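# A structural walkthrough
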Amino acid sequence: MTIAIILVVAALVTLIVILTFTVSQGLQSSGRTGLATEIRPIDVAAFRNLVDPAEDDYLRRRLPASDFRLVRRERLRAMAAYVQLAKRNAAVLVRIAQNSTSAADAQTAEAARRLEDNAHLLQRNCTFAIMKIYIALAWPSSNLAAAPVLQGYAQLNNSAMLLGRLQNPAATMRI
Amino acid sequence: MLQAHSLLWHYLWVAPNILLLFLAFLLWRRGIREQYPIFFAFAIVGAIEQLVIYAADVIPTASPETWWRIFWVGLVVEGLLKFALLGEIFANVFASYSSLARLGKILTRGVGGVLTLAGAAAAAFAPKDSLFGIVSGAHLLEQTIYLIECGLLVTVFLFSAYFRLRPARPVFGIALGLGISSCFHLATWAVAANGELSESGRSVLDLLHMAAYHVCVLIWFYYLLAPQKVTAKAAVPLPENNLDVWNRELERLVH
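Residues numbered from 1 in each chain as written. Chains lettered and ligands numbered in written order. Predicted model: local features only at pLDDT ≥ 70, side-chain atom pairs only at ≥ 80, totals over all residues.

### Details of the overall build of chain B
Each helix and strand in chain B was counted, giving 8 helices and 0 strands. For chain B, the residues scored as buried account for 35% of the 255 residues in total. (Helix = DSSP H or I, 4+ residues; strand = E, 2+ residues; numbered from the N terminus. Buried ≥ 20, exposed ≤ 12 C-beta atoms within 10 Å, placed from the backbone.)

### Considerations on the overall build of chain A
Broken down by element type, chain A carries 6 helices and 0 strands. In chain A, the succession of helices and strands from N to C terminus is α-α-α-α-α-α. Within chain A, the proportion of its 175 residues that are buried is 37%. Restricting the contact set of chain A to residue pairs at least 6 apart, pairs at least 24 apart contribute 68%. (Contact = placed C-beta atoms within 7 Å.)

### Quick look at the environment of Ala81 of chain A
Residues and elements named next belong to chain A. Position of Ala81 relative to the elements: it lies in helix H4 (residues 65–100). By the C-beta count within 10 Å, which is 13 here, Ala81 ends up partly exposed. When the C-alpha positions of Ala81 and Ala129 are compared, they lie 11 Å apart, and in sequence the two are 48 residues distant.

### What to know about unusual backbone geometry
All names here are of chain B. The phi torsion at Arg164 lies on the positive side, around 55°, for a residue other than glycine. Structurally, Arg164 is set in the loop between helix H5 (133–162) and helix H6 (169–194). By C-beta crowding, Arg164 is classed as partly exposed, having 19 other C-beta atoms within 10 Å.

### Regarding the confidence of the model for chain B
Scored by pLDDT, chain B has a mean of 84; 85% of the residues are at 70 or more. Low confidence marks residues 237–255 of chain B, where pLDDT is under 50. Its contacts with residues over four positions away, or in another chain, come to 43 contacts. (pLDDT = per-residue confidence, 0-100.)

### Concerning the nonpolar core
Membership of the largest hydrophobic core comes to 62 residues, with the highest contact counts inside it found for Ile89, Cys150, Ala175 and Leu186 of chain B. Elements with a minimum of two residues in this core: helix H1 (2–29) of chain A together with helix H1 (7–29), helix H2 (37–58), helix H3 (64–95), helix H4 (98–125), H5, H6 and helix H7 (199–225) of chain B. The residues contacting Ala175 of chain B, other than those within four sequence positions of it, are Ile89, Leu153 and Val156 of chain B. By size, the runner-up hydrophobic cluster in this structure holds 26 residues, among which are Val51, Ala86, Val94 and Ala119 of chain A. (Core = buried A, V, L, I, M, F, W, Y, C linked by C-beta atoms within 7 Å.)

### Focus: the packing of H1 of chain B against H7 of chain B
Residue and element names in this part refer to chain B. The contact between H1 and H7 brings their axes to 9 Å, and the two run at 20°. In terms of orientation, H1 lies roughly parallel with respect to H7. Handedness of the H1/H7 crossing: left-handed. Between H1 and H7, the contacting residues are Leu8, Trp9, Leu12, Trp13, Ala15, Pro16, Leu19, Leu20, Leu23, Leu26 and Leu27 on the first element and Leu207, Met210, Ala211, Tyr213, His214, Val217, Trp220, Phe221, Leu224 and Leu225 on the second. Residues that form the contact of H1 with H7 fall into these classes: 20 nonpolar, 1 polar and no charged. (Axes fitted to C-alpha atoms, helices over the stretch in contact; angles between N-to-C directions. Parallel < 35°, antiparallel > 145°, perpendicular 65-115°, else oblique. Left-handed = near helix turned anticlockwise from the far one by under 90°. Nonpolar A, V, L, I, M, F, W, Y, C, P; charged D, E, K, R; others polar.)

### Describing H1 of chain B
All names here are of chain B. For H1, with 23 residues, the first-to-last C-alpha span of 32 Å sits near the 33 Å given by 1.5 Å per residue. Turning to H1, its buried residues number three or more, namely Trp13, Pro16, Asn17, Leu20, Leu23, Ala24 and Leu27. Each element contacted by the buried residues of H1 is listed here: H2 and H7. Positive phi appears at Gly31, one or two residues downstream of H1, with a value of about 75°. (Expected span 1.5 Å × (residues − 1).)

### Overview of the environment of Tyr162 of chain B
Residue and element names in this part refer to chain B. Along the polypeptide, Tyr162 turns up in helix H5. The exposure class assigned to Tyr162 is partly exposed, which follows from the 13 C-beta atoms found within 10 Å. The spacing of Tyr162 and Thr116 is 46 residues in sequence and 24 Å in space, taken between C-alpha atoms.

And the structure:
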């Protein structure tokens, strides 16, 4: 009977997940304006400094091992905050792009599709980067590769800029 | 009313399958069949299979053993078709998102493998009935199929929610109907396979999952045949900013 209870609970949880997704899809499709204002700008220079392996090497050489681990953990936490913000921005851009994929202008629709694809790519990279960061938090001496996030972010920026120009030639979109 | 062979019981067993055949006919008439060939096959084969099982149940000359043999054949065919249908859902969901297709494929394969092991373990630990092995075996196979189906569907729903994917309306409808149906079936078959149920308890479970299936058929009708409401969306206002500067800076950082 224990197995039956476990499976009934699993079925119930699955049903809740499916129905929640269905309701959220309905709410999303009703559309929202002012999404662009939800994008939070990122200090890329600071982020670059955090992911720079040369900076880590420098700190490793200059600091005692215990101090290095402490500083490294602080840097990793800051890095995680940046990546979370990039992921959040990517999610907002997905919604902006989805609102424009059915645009009458073929060029705008194509730019929106490209933006959506790039935003998904960045979401994926951010997810993996966050996992890596949390693993690195456990082992602060390990090396961490965050390059795919930067690369994804640059691609996303290009796509967002193109879509912004097509929708409003006078203004561009900042991420 | 809530007994086997009551009017409600007959209705809930026959009506969804007649409706499903009618849906298949409408899909064929409207040319939607080509877009979702596995669902089309599932609708026809699944409905006919259920109607044959129903006929075997009400025909007095069919022995219980014959009924269970027919049930077994139907179960295996329907199980295979459902997994093919899941493949069609995944292919359609990920087809529009090239950047996520590979990750989705890896994830579903991994989850599928884990669920198969979990299904086998749940079946192995379920109580065995040596007297009516054909019955308990069918319950366990149903439980295993629905466990894998439920798990794969919840994976695709969670994946879509996480990445904010918007599957095409018919694909979403097929997945929604299949998901609701598999949840109810998993729960009812798990109780049937593992619990000591009275005759009336089994009848209530039967009616419950037949009613759920009826609702799912109506969901498929709605999502596959009702036209999508087109809402005019306001153009997204874009803020003034210095993206050019940011872009140059980012490119300098990446290269």
